[in-house]
Amino acid sequence: MSLGRSPEASQRLRGSRRRRASRRHPRIPRLRGILLVLLGFILSGVGGAVSFFWPTIATAVGATGHTIQVTAPSAVPGSPTALPSATPTLSSGAEAPFTVLLLGSDNDGKFTTAGSTSGFCCTQSMILVRVDPSAGSVTMLSFPRDLYVPLYAGDGGSLGDAKVSEAFGEAGGGTDGIDAEIATVEKDFDVNVDHYVWIGLQGLINLIDEVGGVDIVASHPVMDDDYPYDVAGSTNPFAADRVAVLPGAQHMDGVEALEYVRSRHDDLSEDLGRTVRQQQVLVALRQKLSQLTIGDINNIASALSGQVLTDVPLTQFPLLLGLGKDIESGSIQHVFLTPDVDFSDSTVNGEDVEAPDMGAILSLVHQYFPAT
Amino acid sequence: MSRSRKLLTWVVLLALMAAFGVGVNRFLASHDVAAFAAASDPTQVHVASQLSLPGTVYFADGGGLYSLTGTDISQLQKRGQGWTQPVLLPGGAGLLAVKVTANYYSDLYELSLTGAVEAQLSHDSGQVTATALGNDDWIYYPAVGPDNTLYFSYDYPKGNVDDPAECCYQVDLSIWETTLGTTINRSAVVHSAGISQESWANYYTGGDVSPVPLNDGGFLYVDYEDAYGDTGQLSTPLAGAVAGSEVSQVRLDPKPLYNSAGSDGAALTQPQDDCAQPALNPDQTEIAMICTPIVNGAPSSTESDLVVASFDAATGTLGPLDRIVTGTMAASPAWSPDGTDLIYLAPEAGDSYFELWYVKGAATSLAPHAKQVTSDLDLDGSAPVWMR
């Protein structure tokens, strides 16, 4: 009996083995194919999402990531001793309290001469916000723009004494101006600023229009015959508009809301009245933003494109956007510096300013914002 | 599987993948919040038959004037024209309304009940330049008494009489009166040609507004004062008010002195009640108004209550304040022709635009229940008018 195989038999045997092998491992290529298909769907879905969020991504890249560059302060004006380093310590964890400096200003350089970086005006609004997610509380503190204090650049260098709102312009506006405003607030008022959000006038208009306007109860007639006409394409920085916001419940679009928070000439409370109105609109805006869904983010980003700068991390943005969705309006604490208590009218080089009583101001500030 | 079948399978899968990507994109795009949608044209809005109000309601929306009769809304004046604050002439003979040229001036017009302009009652100088705004004026809050006395808020004279250099920073509305039909223009006001100033606003408060004529003469109005008092004389803010805010009071018939700050009218409400926008029922025994509650130690910026109180014009006294609608931003109440029900404005739940609401039996002690009449509109905050 011969064990040898004919060539034909051997070939048949090899073919049969191949077929058996292929039947034994059919899942390997099939699994590979399924994984490939799944990957294809995932990539396609991600592509669809990325294309949808592209305006948001573009705005985020342009608006965020500018970190605070503030050096340690030397001393707090009016304080007898130098303070320890107040280099910002960023809060860790989404539930930790954090402090944000909200800055609102024109960024059109309307007072800038050609070829110069100087001439940027000032921050029209400065509100320090402390969000404590675990306590469910928000505190807003407004600084009057004419408060006469030492100004500092982002590197800690002195910019001389002037109105607190002028640090932005003294540092040349833009991100340098923001650094200077943060440094000035931190050093003069002995507080940490964890993050900032800066928004231009047109950005505020766009944002409010995008959310369909805001609803507020105007506390009194806001009348102004000398309201700056510097948005909507005006080329004359000294042109004026007339503003009349009537008292009572109002649904305001972006332009009307800006007029309401920016007008200051016919106000018995002067700039204090304006800061009250600014916080009022901010709370109303929070109410609208708390209704945001994922589908609105793109439009909001487009509205803010080129008009906002911030370093708020993504983890804390939802808390800030809604100022904490779980935080009721009634638990928002509004804090203002009071005329004749925290500051008084004064004149420096012929310019009307508010002379601060730093002792009184620091006492008030530290009731709500921890000292460094 | 044949090669061609395999190829077809991959083509189908690739198409499905592309469709999935597009689907994800469209799914995300479909999640806009309805509350951010633009308001509707009032003539396209459907009012449910069960909310059909007797008579006709006139209202302003988006710079146009409209009437609501039963469940039908008709346009009286086109949108975007600056129309606001419609009021009835005595006996329902027609309407008065304000037409605003934004950022410049406003004027007062008489219209028929179908919206046709019958006469222009005031004439601003209409400078409309950014450098001569001092020649433009605001006129608001028209109201006509049974004797055809026309009351209105006007920002003349502008400027601080004690300091003319401060001319352009002080723009306060004061209440003036004339006889309906008198032409109102700056020269007429300057020379007091049949037009007289009835109130003198507290400086830099924005002024006196919302005159309501009384049947036996005189009028109610609303004035504003600083939380530290009329002249900042208080060391602490008025009870319930926060530093930096202004509070409103409903007052009765001021007694102005010649060419200087005169005395305020008798106060009907307290500063801490922060009441404004008064509306009297036809026999003037009940007053509806809007009062801002104190929240967290300060007047609320997001809530205003609809309040009803009894009123005795003879003694100038007000009964206890009954807050019949709370927890929303109520505004601009108006009584029904028979004086029993109220309409007012408030945002729709989850929306931001002001809509028309209705309260039956507002003057009774029974707990009233508010019903929403319109939706998707953008009413401008001025009071509607309700006539038979």
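Note on numbering: residues in each chain are counted from 1, in written sequence order. Labels are handed out in written order, letters beginning with A for the chains and numbers beginning with 1 for the ligands. The model is predicted, so local features are restricted to residues of pLDDT at least 70 and side-chain atom pairs to those at 80 or more, both for listing and for counting; the totals for chains, interfaces and linings are taken over all residues.

What to know about the overall build of chain B
Put simply, DSSP H or I for four residues or longer makes a helix, DSSP E for two residues or longer makes a strand, and each gets a number counted from the N terminus. On a plain count of helices and strands, chain B comes out with 2 helices and 29 strands. Across the 388 residues that make up chain B, the buried fraction comes to 47%. Note on burial: count the other C-beta atoms lying within 10 Å of the residue's C-beta; 20 or more is buried, 12 or fewer is exposed, in between is partly exposed, and C-beta positions come from the backbone.

Regarding the overall build of chain A
Within chain A one finds 10 helices and 14 strands. For chain A, the proportion of its 372 residues judged to be buried stands at 49%.

As for the sheet that holds strand E3 (residues 137–142) of chain A
All names here are of chain A. Strand pairing is defined by DSSP finding a minimum of two bridges between the two strands. Strand order across the open sheet formed by 6 strands is E11-E6-E1-E2-E3-E12, with mixed pairing between neighbours. The open sheet has two free edges, formed respectively by strand E11 (308–310) and strand E12 (332–336), since each of these has just one partner strand. For this sheet, the mean angle separating the axes of adjacent strands, direction not counted, is 15°. The sheet contact formed by E3 and E12 spans 5 bridges and is parallel. Across the sheet, the residue bridging to Thr 139 is Gln 333, located in E12. A pair of residues counts as a contact when their C-beta atoms, built from backbone coordinates, are within 7 Å of each other. Orientation is described by lines fitted to C-alpha atoms, with helices fitted over the stretch in contact, and by angles between N-to-C directions that extend from 0 to 180 degrees. The strands that helix H5 (residues 201–210) touches are strand E1 (98–105), strand E6 (195–200) and E11; relative to E6, the one it contacts most, it runs at about 90°.

Considering the sheet that holds strand E10 (residues 149–154) of chain B
Adjacent strands of a sheet form backbone hydrogen bonds with each other and so pair up, either parallel or antiparallel. Residues and elements named next belong to chain B. Reading across from one edge, E9-E10-E11-E13 is the order of the 4 strands in this open sheet, with antiparallel pairing throughout. Every interior strand has two partners, whereas the edge strands, strand E9 (139–144) and strand E13 (196–197), have only one. As paired strands, strand E11 (residues 174–179) and E13 are joined by 2 bridges and run antiparallel to one another. Considered in E13, the bridge of Trp 176 is made with Gln 197.

Examining the interface of chain B and chain A
Taken together, the 67 residues of chain B in the interface contact 64 residues of chain A. When residues of the side of chain B that touches chain A are traced back to their parent elements, those giving at least two are helix H1 (3–29), strand E15 (219–226), strand E16 (246–252), strand E18 (275–280), strand E21 (298–299), strand E25 (331–335) and strand E26 (342–347) of chain B. Broken down by element, the residue count for the side of chain B that touches chain A peaks at 11 residues, all from H1(B). Here the side of chain B that touches chain A is built from residues that sort into 35 nonpolar, 24 polar and 8 charged. The classification used treats Ala, Val, Leu, Ile, Met, Phe, Trp, Tyr, Cys and Pro as nonpolar, Asp, Glu, Lys and Arg as charged, and all other residues, Gly among them, as polar.

Remarks on the environment of B:Asp274
Residue and element names in this part refer to chain B. Inspection of the secondary structure assignment puts Asp 274 in the loop between strand E17 (266–267) and E18. Given 27 C-beta atoms within a 10 Å radius, Asp 274 is considered buried. Residues Asp 274 and Val 247 lie 27 residues apart in sequence; the distance between their C-alpha atoms is 5.3 Å.

Focus on the packing of H5(A) against helix H8 (residues 297–304) of chain A
Packed helices, taken two at a time, are described by the angle their axes make and the gap between the axes. Residue and element names in this part refer to chain A. H8 packs onto H5 with a crossing angle of 155° between their chain directions and a minimal axis gap of 8 Å. On the basis of their axis angle, the class for H5 and H8 is roughly antiparallel. Two packed elements cross with a definite hand, and for H5 against H8 that hand is right-handed. Taking contact as the criterion, the partners of Gly 203, Asn 206, Leu 207 and Glu 210 in H5 are, on H8, Asn 299, Ile 300, Ala 303 and Leu 304. For classification purposes, angles smaller than 35 degrees are called roughly parallel, those larger than 145 roughly antiparallel, those between 65 and 115 roughly perpendicular, and all remaining angles oblique. Each crossing gets its hand from how the near helix is turned against the far one by less than a right angle, where anticlockwise is left-handed and clockwise is right-handed.

Focus on H8(A)
Along H8(A), the residues that are buried comprise A:Ile300, A:Ala301, A:Ala303 and A:Leu304. Along H8(A), the residues classed as buried sweep out an arc of 160° about the axis, all on the same side. Our arc is simply the arc of the directions from the helix axis toward the C-beta atoms.

So, the environment of B:Trp335
All names here are of chain B. Structurally, Trp 335 can be placed in strand E25. C-alpha separation for the pair Trp 335 and Ser 30, spaced 305 residues apart in sequence, amounts to 42 Å. Discounting residues that sit within four places of it in the chain, Trp 335 has contacts with Ala 279, Asn 281, Pro 282, Ala 288, Leu 342 and Trp 386.

A word on unusual backbone geometry
Backbone geometry places A:Asn349, a non-glycine residue, at a positive phi of 50°. Within the fold, A:Asn349 resides in the loop between strand E13 (343–348) and strand E14 (351–356). On the basis of neighbour count, A:Asn349 is assigned to the exposed category, with 5 C-beta atoms found within 10 Å. Its identity is not glycine, yet B:Gln277 carries a phi of approximately 55°, on the positive side. In this fold, B:Gln277 is placed in strand E18. For B:Gln277, a count of 30 C-beta atoms within 10 Å puts it in the buried group.

Examining the confidence of the model for chain A
All names here are of chain A. Averaged over all residues, the pLDDT of chain A equals 77, while 72% of them reach at least 70. pLDDT expresses how confident the predictor is about each individual residue, on a scale running from 0 to 100. By mean pLDDT, helix H1 (residues 7–24) is the weakest element of chain A at 61, and strand E4 (residues 148–152) is the strongest at 96. When the criterion is pLDDT under 50, residues 68–92 qualifies, and its contacts beyond four places in sequence or with other chains add up to 52 contacts.

With respect to helix H7 (residues 270–289) of chain A
A rise of 1.5 Å per residue sets the reference length of H7(A), with its 20 residues, at 28 Å; its end C-alpha atoms lie 29 Å apart and thus fit the reference within 8%. Counted residue by residue, H7(A) has 17 buried out of 20 residues, so it is predominantly covered. Multiply 1.5 Å by the residue count of a helix minus one, and that product is the helix's expected span.

So, the environment of B:Val144
Residues and elements named next belong to chain B. Its location among the elements puts Val 144 in strand E9. The sequence separation of Val 144 and Ser 304 amounts to 160 residues, and the corresponding C-alpha distance is 27 Å. Residues within four places of Val 144 in sequence aside, it is in contact with Val 87, Leu 89, Pro 90, Leu 96, Thr 149, Leu 150, Leu 180 and Pro 213.

Examining the packing of H5(A) against helix H6 (residues 254–262) of chain A
Residue and element names in this part refer to chain A. Interaxial distance between H5 and H6 falls to 7 Å at its minimum, and their mutual angle equals 130°. In terms of their interaxial angle, H5 and H6 are classed as oblique. The handedness of the crossing between H5 and H6 comes out as right-handed. Of the residues in H6, those in contact with Leu 201, Leu 204, Ile 205, Asn 206, Ile 208 and Asp 209 of H5 are Gly 254, Val 255, Ala 257 and Leu 258. The residue inventory of the contact of H5 with H6, partitioned by class, reads 7 nonpolar, 2 polar and 1 charged.

A short note on the pairing of strand E8 (residues 222–228) of chain A
Residue and element names in this part refer to chain A. Taking burial as the measure, the 7 residues of E8 include 7 buried ones, the bulk of the element. As paired strands, E8 and strand E9 (residues 240–245) are joined by 5 bridges and run antiparallel to one another. In the sheet register, Tyr 227 faces E9, and the bridge partner there is Asp 241.

A look at the confidence of the model for chain B
In regions of low pLDDT, the predicted coordinates are not meant to be interpreted in detail. Across chain B, pLDDT averages 84, with 82% of residues at or above 70. In the model output, the complex is listed with pTM 0.81 alongside ipTM 0.86.

A closer look at the pairing of E18(B)
All names here are of chain B. For E18, a buried count of 6 out of 6 residues is recorded, marking the element as mostly surrounded by other parts of the structure. Note that E18 and strand E19 (residues 286–291) share 4 bridges and pair antiparallel. Counted as the bridge partner of Leu 280 is Ile 287 from E19. From the end of E18 to the start of E19, which pair antiparallel, there are 5 residues, and Gln 284 there has a positive phi angle of about 60°.

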